[in-house]
Amino acid sequence: MANLLFEKAYKTYISKMWDVGVDQIDKYVLERVPMAMNYDERYLNKDFQNLPQNGFTKLFENMLNHPNIELQVNTDAKEHIL
C-alpha cells in the first residue's frame, strides 16, 4: 500500500511542487507531507482543524479585494522592501 500511495500521490506531488524528481529532494523535504495509513480524513492529527467556510479561493479573493491591498504582478518584491 505504501508503494502505491508513494507512486500515485507523493511522487507526483513532489514533481509538481519542486519541479524535480524525488531522488533529487532532501529527505527532510519529503517528511513535510505526512502520510497516514488510516481512515482519518484530516490533514493533521490535531483536535481542532478548520477550513474557510467558502473555501480558500474565496478567502484569498476577499483579501485581495480589500481596499488596503494593492496587487502587483511581474514585480520584483525587493524594490518595495524598505
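Scoring rules and cut-offs
- Residues numbered from 1 in each chain as written.
- Predicted model: local features only at pLDDT ≥ 70, side-chain atom pairs only at ≥ 80, totals over all residues.
- Heavy atoms only, no water.
- Helix = DSSP H or I, 4+ residues; strand = E, 2+ residues; numbered from the N terminus.
- Rg over C-alpha atoms; globule rule 2.2 N^0.38 Å.
- Areas by Shrake-Rupley, 256 points an atom, 1.4 Å probe, with all protein chains shown as cover.
- Lys, Arg positive; Asp, Glu negative; His and termini not counted.
- Charge placed at Lys NZ, Arg CZ, Asp CG, Glu CD.
- pLDDT = per-residue confidence, 0-100.
- Salt bridge = Lys/Arg side-chain N within 4 Å of Asp/Glu carboxyl O.
- Buried < 20%, exposed > 50% of the residue type's maximum accessible area, 1.4 Å probe, protein only.

Colleague: Quick question: what am I supposed to make of the overall build of the protein here?
Modeller: If you tally the helices and strands in the protein, you get three helices and zero strands. Starting at the N terminus and ending at the C terminus, the protein contains elements arranged as α-α-α. Relative to a compact globule of 82 residues, whose C-alpha radius of gyration would be 12 Å, the protein shows 18 Å and is clearly more extended. Taking the principal axes of its C-alpha atoms as reference, the protein extends roughly 50 × 35 × 20 Å. Carbon and sulfur atoms provide 55% of the accessible area of the protein, an area that totals close to 8200 Å². For the protein, the separation between the mean place of its 9 positive charges and that of its 12 negative charges on side chains is 4 Å.

Colleague: Would you explain the confidence of the model for the protein in this entry?
Modeller: In low-pLDDT regions, the fine details of the predicted coordinates are not to be read closely. Looking at the protein, pLDDT values average 82 and 90% of them are 70 or higher. At the level of individual helices and strands, the protein shows its lowest average pLDDT in helix α2 (residues 27-30), which scores 74, and its highest in helix α3 (residues 55-64), which scores 93.

Colleague: Before we go on, may I ask you to explain the pattern of salt bridges in this structure?
Modeller: Any two side chains of opposite charge can pair, so long as their charged atoms come close to each other. Under the defined criterion, the tally for this structure stands at one salt bridge. The partner of Glu 7 in a salt bridge is Lys 11, with the nearest N and O atoms 3.4 Å apart. Placement of the pair is Glu 7 and Lys 11 together in helix α1 (residues 2-18), with a separation of four residues, close to one helical turn. When its relative accessible area of 41% is taken as the criterion, Glu 7 is described as partly exposed.

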